[in-house]
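# Notes for the structure review
Single-letter residue listing:
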Amino acid sequence: MATITLDSLGTRVRNPWIAFGLRRTWRLLASLAALVTAAFAMIHLIPGDPVRAALGTTADPALVAARRQSLGLDQSLPKQYGDFVVNLLHGRLGESIGAQMPVSGIISGRLPATLEIAVPAFVLILLIAVPVGMTAAVLTKDGRRRRGELAFTGVTGFLGAVPEFLLAVGLTAAFAVAWPLFPVASRGGPDSYVLPVLALTVVPAATLSRIVRVETLRVLGEDYMRTARAKRLPARLRYLRHALPNLLTSSLTLGGLLFSSLLAGTVLVENVFAWPGLGTTIVQAITEKDYPLVQGVVLVYGAAALLITFVVDVAVAVADPQSTVRGS
Amino acid sequence: MSSLELRGITVRYGRFTAVENVDLLVPEGTVTGLVGGSGSGKSTLGKAVVGLAPTRSGRVLVDGADAAPRRGHSPVQLVFQNPYASLDPRMSVGASVAEALPDGVSGRRTPARERRAARDAEVARFLELVGIDPARAVLTPDALSGGQRQRVALARALAARPAVLIADEITSALDVSVQGAVLNLLRRLQRELGFAMLFISHNLAVVRYLCDQVAVMDGGHLVECGPTDRVLERPEHPTTRNLISCVPTLALAEEAS
Amino acid sequence: MPHHDHDSSLRHRLGRTLRTPIGITALTACLLVALVAVLGPVLLGDRAARIDTDAINQGSSAAHLLGTDQLGRDIAARVVVATRLTLRLTLLAAVIGVGGGLLLGVAPAVVGRRLGRLITATVGVLVAFPGLLFLLFLATIFGVGSTGAVLAVGLAMVPPMARLVQNLTASVAGSDYVAAARILGVGRFKMVVRHLLPNIAEPSVLFATQATGGILVAFSGLSFLGLGVQPPQYDWGRLLNEQLNRIFVNPAAALAPGAAVVLTGLMFGLAGEVLAQAGGRRAPQAPEPARGQQPNPSEEPATDGDGVLVRACDLRVTFPGGRQAVRGISLDIARGEAVGLVGESGSGKSLSALALADLVPHPGRVTAGTLRFDGHDLRDDPRLGTELAMVFQDPMASLNPALRVGRQLAEVAEVHLGASRAQGAARAVDRLRAVRIPAPERRARQRPHEYSGGMRQRAVIAMGLMGEPKLIIADEPTTALDVAVQEQVLDLLAEVREDSGAALLLISHDLAVVAQVCDRVLVMYAGRIVEDLPVTALLGGAAHPYTRALVGAVPTMTTDPGTELATIPGRPPEPGETGGGCPFAPRCERARERCHRTAPELSDFGPDRQVACWFPVGTAAAGGSVAATSYAAEATS
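Reading the values: rules and limits
Residue indices begin from 1 for each chain and proceed along its sequence in written order. Starting at A for chains and at 1 for ligands, labels are handed out in the order in which the entities are written. Given that the model is predicted, a residue must reach a pLDDT of at least 70 before its local features are reported, and side-chain atom pairs must reach 80 or more before they are shown or counted; all residues, however, enter totals for whole chains, interfaces and linings. Numbering of helices and strands runs from the N terminus, with a helix taken as a DSSP run of H or I at least four residues long and a strand as a DSSP run of E at least two residues long. We compute the radius of gyration from the C-alpha atoms alone; for a globule the expected value is 2.2 Å times N to the 0.38, where N is the number of residues. With C-beta atoms placed from the backbone, the exposure class of a residue follows from how many other C-beta atoms lie within 10 Å of its own: 20 or more, buried; 12 or fewer, exposed; in between, partly exposed. Whether two residues are in contact is decided by their C-beta atoms, placed from the backbone, lying within 7 Å. Helix axes are fitted only over the stretch in contact, all axes being lines through C-alpha atoms; the angle between N-to-C directions runs from 0 to 180 degrees. Each crossing is labelled by how the near helix is turned from the far one, with a counterclockwise turn of less than a right angle marking it left-handed and a clockwise turn marking it right-handed. Any residue outside Ala, Val, Leu, Ile, Met, Phe, Trp, Tyr, Cys, Pro, Asp, Glu, Lys and Arg is labelled polar, Gly included; the first ten of those are nonpolar and the last four are charged. Here roughly perpendicular refers to angles of 65 to 115 degrees, roughly parallel to angles under 35, roughly antiparallel to angles over 145, and oblique to all remaining angles. A set of buried residues qualifies as a nonpolar core if it consists of Ala, Val, Leu, Ile, Met, Phe, Trp, Tyr and Cys joined through C-beta atoms within 7 Å. Boundaries of every domain are those given by an automatic assignment or by a domain database. Each pair of strands is called paired provided DSSP finds at least two bridges between the two strands. Take the residue count of a helix, subtract one, and multiply by 1.5 Å to get its expected span. To get the bend at any residue, fit one axis to the seven residues that end at it and another to the seven that begin at it, then take the angle between the two axes. Per-residue confidence from the predictor is reported as pLDDT, a score between 0 and 100.

With that out of the way, let us pick up the overall build of chain C. Across its full length, chain C carries 23 helices and 13 strands. The C-alpha radius of gyration computed for chain C amounts to 34 Å, which surpasses the reference 26 Å derived for 637 residues by more than 25%, pointing to a less compact arrangement than a globule. Taken along the three principal axes of its C-alpha coordinates, chain C extends 105 × 65 × 60 Å. Relative to its full complement of 637 residues, chain C shows a buried share of 52%.

As structure tokens, this is what we get:
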């Protein structure tokens, strides 16, 4: 996916690590620039007058004009874009139309709630998917235990197909209504975290454990695993020392997108549990046509997704230098 | 009878120079073997001749004229090393050969049915030429063995009526017993049809068997070129000497006894 | 004409797959959903729209299976009726997504280089963002409502679809057959239609089908968030949105539209699975007929004799279904001896070697009358870890890419010789030095990708030298290497053998390689050893017609260029194709009636030589007396 500039950058530098770092950082910066531009362009792509749309058709023309001015919409486009970028660099994201508050303030107030469910979910997904997928692969390799394999692929396939928000609804119905173990909604004590985190974890964990299983089976079929057998190493060493590092890198590469979509999954799950995070904020902002707020949240989500993929790529590169040398 | 002449061919991938300033003449109707270790640039040179490698400078002349494809139809054809990858898995082998036939075999004004019949006949002729039963034209490549696929690939190349044929390691993916049959076939067709051939191989014994002239490459340079007997019996360049000394031969076994 | 043959076979495979349980389920589900979508609004439309102020917010009852909503409308009917709108919007969005993705995906192959790169880069940036974020962004622009949601969901699918198609196209475009077509002067447009599209069709269709399931879910999500379908219209997501806050009172009303989404989503996934199977990527496996052909191992002589290191009698490797890839071979390897094992691909030579190393991969089963290494049964013998060294064909693949080379060597000493980490590391460096790897201390800390091909193979040999090998099994050790490097590796093997006194079993398709290193050659054909002869007899002295043909088929530095090379007509039999006769008989010009009837056993042919042929070369044509000792075999078969 490199552009011409990326290629020439990469090939001009001799050290593969520096070349990789440059290439990857350049790609991150380019994507961030695209994100910023898209967020800026959004308000101009909306058909009609966004301020009029936000304030309603009956709004006082003077108010509309004043709001246009405060949003800078009366300026020329390049000027607006320049101001937007400069403000962004100073952490200023404009003012929410609905709440009449700085967008950055709303976001910093809401972001912790989102992270509080996203980060534990992220950790749980890894803790569940890797051992489960590996064990399933070892137990079913070479066509052993056909029924077990069928059960595993069936269950994980089903769980992977259930969308997060429906799972959230189902979990609520089961563990908050029918069997009231946990609160139905809103953030409170530790028990209020269980259902949202679970709703975020199950689907990606099922999908990732499928990926891990397939990758494990692939790794077990590699020649170097035969070499490990030829060395008569005990099974524990063969799986943990020889198979695990290889399947982790490839699983992470494939699962990288899963993690950034986990962030997006919070939007739906938060809305089911009325969780006071960014997800409920953005949906409300879209319905209320509070465009500066939408802009701000889109920027935060987008930047977070890009950072996650960047970190995953770098982690994979460190663990598997071969792929770095080959050029990503 | 046609000849191939390369003048000052240079191929670069980014900063890496794979082939540098190579001049080579394959005289009319003869076979030149191109040998060298892996990474010597011999395959890249072959690709450059047919335009599959990024040629920085140099000219490819066929019969003294620039070999730029005329209306997409190139006078130079190439047969690839791996017969399992060089045929479209979704195309019947007949269609693959038909694709190579020059347009207008029987003129534009003839009815479509006659044109198709003429094409089918041509396909059958070329398949027969390489020893494949024309009835198998409807099969997809997965129904054929490696040796048969390589014959089809050869038929496809020949159907384009090339003046020059480039054979890039065409037997190295084949089993020993099949190798001999493909080499026999190639030699017979070359003599019958009289095209010039650049035969790229790492196997000196095969080159010696098939070629009139041998060119040796090392590190992207052409280091030695001459009649086969002379080069193999009195090699002048150290690379050539080294290559010859590394050939394991059955004769060793005899000497030992 | 060109694709006709393939199409019919695809149709055939699709028909076969549809008759499997998963195929039947998928087909039934699709028909059912289509039926509900078509008939639902016709039959239940009125009921779903009827407002009943007497029955507001009721729970489930006989009259209202899932209860009623805040206007007293029947929820069950509304869920059924919503099927049509949900599916229509889903499919509409899918058309946008698949069409756009296909266009953007194939475009780089058709348009100029610059524009192509720009498209690829743009798609690359777009896929980095999660789909839902993209969706919300587009929903903001297009505004709340069905049209906006269709556009948003459809466009959000474009980047991943385009990325997939681009990857597929790039791999097809880089293939030899496209290069061949390019040399033939096939134009860009014809290239796309003839070569690219047919070869990316199957995975694209599969992905599109499964992505349609994803679109259904995404669309329902948007409606659920209140950003999609707006009242008075309703789809499943909208119904879910309306009923969620009543989940305490009437959970069934909230769960039913959710279940509809999940089940329909699964249906798309299942349909994709069926298409994938029909495409032959995951062909339904026909159970192989189990043939009750149990090998009957004969009893062995009790002792091996002093000089014998490896003794195998009646060694067989059987795969499920009774296919035998190795069909009863017997061989001895003396201490310090170098034996070559030659044959074509499929002859069973590699599997024989793996059987001797107790490494035959899973479905393969090894049976043998005797299978002894240094006087002990070699199966599950941990001593093999130090006394048997293996060298495989591809040195890159046989070293673990994630571990440092030194570590991979050292662990042998740690596991088998009780060495500490430091001792193991020290020995690893010492062994790397022994195979003449320069700067072994530094090299031990590197990973395999930093080694050259020849050096990797040296490292693999060094790994075998961590213990005290009595046997080195090398399976095509130089096939993946350059000619010059091949020479070095062969020299190294000879040297190692001299130093350690280990025996060598060298498997190769290249007679010349074997001739250079070995004392004795075993020739395999169709799972059997057909000749056992000293290497000195290989050139000109072979007794089996197959060995002679193999020798004659390869040009050597002394072959007369004026003569035709020897060829062997026909092809070797597949495992399971061998009848009662000599497996080589159909390709043998010396074959007579007896050869087609009875298979000859491997029997003595002069000193230190054995051959399995009724009419070996070098005897009187009518004689065959040398092989006459195996009349017993004829009688039993």
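Anyway, onward from the coordinates.
Time to look at the overall build of chain A. Counting its regular elements, chain A contains 14 helices and zero strands. Reading the helices (α) and strands (β) of chain A from amino to carboxyl end gives α-α-α-α-α-α-α-α-α-α-α-α-α-α. Over its C-alpha atoms, taken along the principal directions, chain A stretches across nearly 85 × 65 × 30 Å. Across the 328 residues in chain A, those meeting the buried criterion constitute 42%. Partitioning the intrachain contacts of chain A with sequence separation of at least 6 by distance along the chain shows that 68% fall at a separation of at least 24.

Before going further, it helps to examine helix H1 (residues 42–49) of chain B. Residues and elements named next belong to chain B. Burial analysis of H1 places eight of its eight residues in the buried class, which makes it a mostly covered element. Lys42, Ser43, Thr44, Leu45, Gly46, Lys47, Ala48 and Val49 are the residues of H1 that are buried. In the stretch just after H1, Gly51 is the one whose phi turns positive, near 85°.

All right, on to the packing of helix H10 (residues 223–230) of chain A against helix H11 (residues 235–272) of chain A then. For any two helices packed against each other, the geometry is given by the interaxial angle and the distance between the axes. Residue and element names in this part refer to chain A. Where H10 contacts H11, the two axes come as close as 11 Å, and the packing angle between them is 145°. With respect to the hand of their crossing, H10 and H11 are arranged in right-handed fashion. Here Tyr224, Met225, Ala228 and Arg229 of H10 lie close against H11, whose contacting residues are Arg238, His242 and Ala243. Grouping the constituent residues of the contact of H10 with H11 by class yields four nonpolar, one polar and two charged.

Right, let's talk about the packing of helix H2 (residues 16–45) of chain A against helix H5 (residues 131–142) of chain C for a bit. Where H2 of chain A meets H5 of chain C, the axes come as close as 8 Å, and the angle between the chain directions of the two elements is 25°. Relative to H5 of chain C, the element H2 of chain A is oriented roughly parallel. As H2 of chain A runs across H5 of chain C, the sense of the crossing is right-handed. Every residue of H5 of chain C that contacts H2 of chain A at Ala38, Met42 and Leu45 of chain A is listed here: Phe137, Thr140 and Ile141 of chain C. When grouped by side-chain class, the residues that make up the contact of H2 of chain A with H5 of chain C number five nonpolar, one polar and no charged.

Contacts between the two partners involve 61 residues from chain A, matched on the other side by 57 residues from chain C. Secondary structure elements with two or more residues in the side of chain A that touches chain C: H2, helix H7 (146–161), helix H8 (164–178), H10, H11, helix H12 (278–287), helix H13 (291–319) and helix H14 (321–326) of chain A. The element best represented in the side of chain A that touches chain C is H11 of chain A, accounting for 11 residues. Considered class by class, the residues forming the side of chain A that touches chain C number 38 nonpolar, 15 polar and eight charged.

Here the focus is the nonpolar core. Residues and elements named next belong to chain C. Judged by nonpolar contacts, the single largest core of 254 residues is most densely connected at Leu133, Leu135 and Val153. If one sorts the elements of this core by residue count, helix H3 (residues 75–110) sits on top with 17 residues. Aside from chain neighbours lying at most four places away, what touches Leu135 is Ala152, Val153, Ala156, Ala218 and Leu222. In this structure, Ile329, Leu432, Met466 and Ala585 belong to the second largest nonpolar core, which totals 117 residues.

Attention shifts here to the domain arrangement of chain C. For chain C, the assigned domains are domain 1 (13–52 + 63–279), domain 2 (304–381 + 469–482 + 494–518), domain 3 (388–467) and domain 4 (538–636). Between domain 1 of chain C and domain 2 of chain C, the C-alpha centre-to-centre distance is 55 Å.

Below, the discussion takes up the sheet that holds strand S1 (residues 4–13) of chain B. Residue and element names in this part refer to chain B. Across the sheet, four strands lie side by side as S2-S1-S4-S5; this open sheet has antiparallel pairing. Two strands lie at the open edges of the sheet, namely strand S2 (16–26) and strand S5 (65–66), each paired on one side alone. Sheet topology places S1 next to strand S4 (residues 55–62); six bridges connect them, and they run antiparallel. In the strand pairing of S4, Leu6 is matched with Val60.

Taking 1.5 Å per residue, 36 residues should reach 52 Å; H3 of chain C reaches 51 Å between its end C-alpha atoms and fits that length. Along its length, H3 of chain C shows its largest kink, about 30°, at Ala82 of chain C.

The next point concerns the sheet that holds strand S9 (residues 503–508) of chain C. All names here are of chain C. The eight strands lie next to each other as S7-S8-S9-S3-S10-S11-S13-S12, forming an open sheet whose pairing is mixed. Edge positions in the sheet fall to strand S7 (388–391) and strand S12 (603–604), since each of these pairs with one other strand and no more. Where strand S8 (residues 471–475) meets S9, five bridges bridge the pair, whose relative direction is parallel. If you follow Leu471 over to S9, its bridge partner there is Ala503. Packed onto the sheet, helix H11 (residues 349–356) meets strand S3 (338–342), S8, S9 and strand S10 (520–525) and runs at close to 150° relative to S9. Packed on one face of the sheet, helix H18 (residues 483–500) meets S3, S8 and S9 and runs near 165° to S8.

Before going further, it helps to examine unusual backbone geometry. For the peptide bond that leads from Pro231 of chain C to Pro232 of chain C, omega is 10°, which places it in the cis range. Backbone geometry places Lys289 of chain A, a non-glycine residue, at a positive phi of 55°. Position of Lys289 of chain A relative to the elements: it lies in the loop between H12 and H13. Even without a glycine there, the phi angle at Glu476 of chain C is positive, about 50°. Within the secondary structure layout, Glu476 of chain C lies in the loop between S8 and H18. According to the C-beta neighbour criterion, Glu476 of chain C is buried, with 20 such atoms within 10 Å.

In this section: the confidence of the model for chain A. Taken as a whole, chain A shows an average pLDDT of 82; of its residues, 93% reach a score of 70 or greater. Scored below 50 in pLDDT, residues 1–12 of chain A makes 21 contacts in the model with residues more than four places away or belonging to other chains.

Right, let's talk about the environment of Leu262 of chain A for a bit. Residue and element names in this part refer to chain A. Following the sequence through the fold, Leu262 ends up in helix H11. Here the alpha-carbon distance between Leu262 and Ala121, two residues 141 residues apart in the chain, equals 8.5 Å. In this structure Leu262 touches Ala118, Ala121, Phe122, Leu200 and Pro204, once residues within four positions along its chain are discounted.

Residues and elements named next belong to chain C. Averaged over every residue, the pLDDT of chain C is 83; the share at 70 or more is 90%. Between residues 1–8, whose pLDDT stays under 50, and residues either more than four places distant or in other chains, the model counts 11 contacts. Residue range residues 281–302 is modelled with pLDDT below 50. Its contacts to residues more than four positions away, or to other chains, number 30 contacts. Scored as a complex, the prediction yields pTM 0.79 and ipTM 0.87.

Residue and element names in this part refer to chain B. Counting buried positions along strand S3 (residues 31–35) yields five of five residues, so the element is predominantly enclosed. Where burial is concerned, the two faces of S3 agree: the one with Val31, Gly33 and Val35 and the one with Thr32 and Leu34 are both buried. Here S3 runs beside strand S8 (residues 196–200); their pairing, made up of four bridges, is parallel. By the bridge assignment for S8, Val31 is matched with Met197. With four bridges joining them, S3 and strand S9 (residues 213–218) adopt parallel strand pairing. Of the residues in S9, the one forming a bridge with Thr32 is Gln213.

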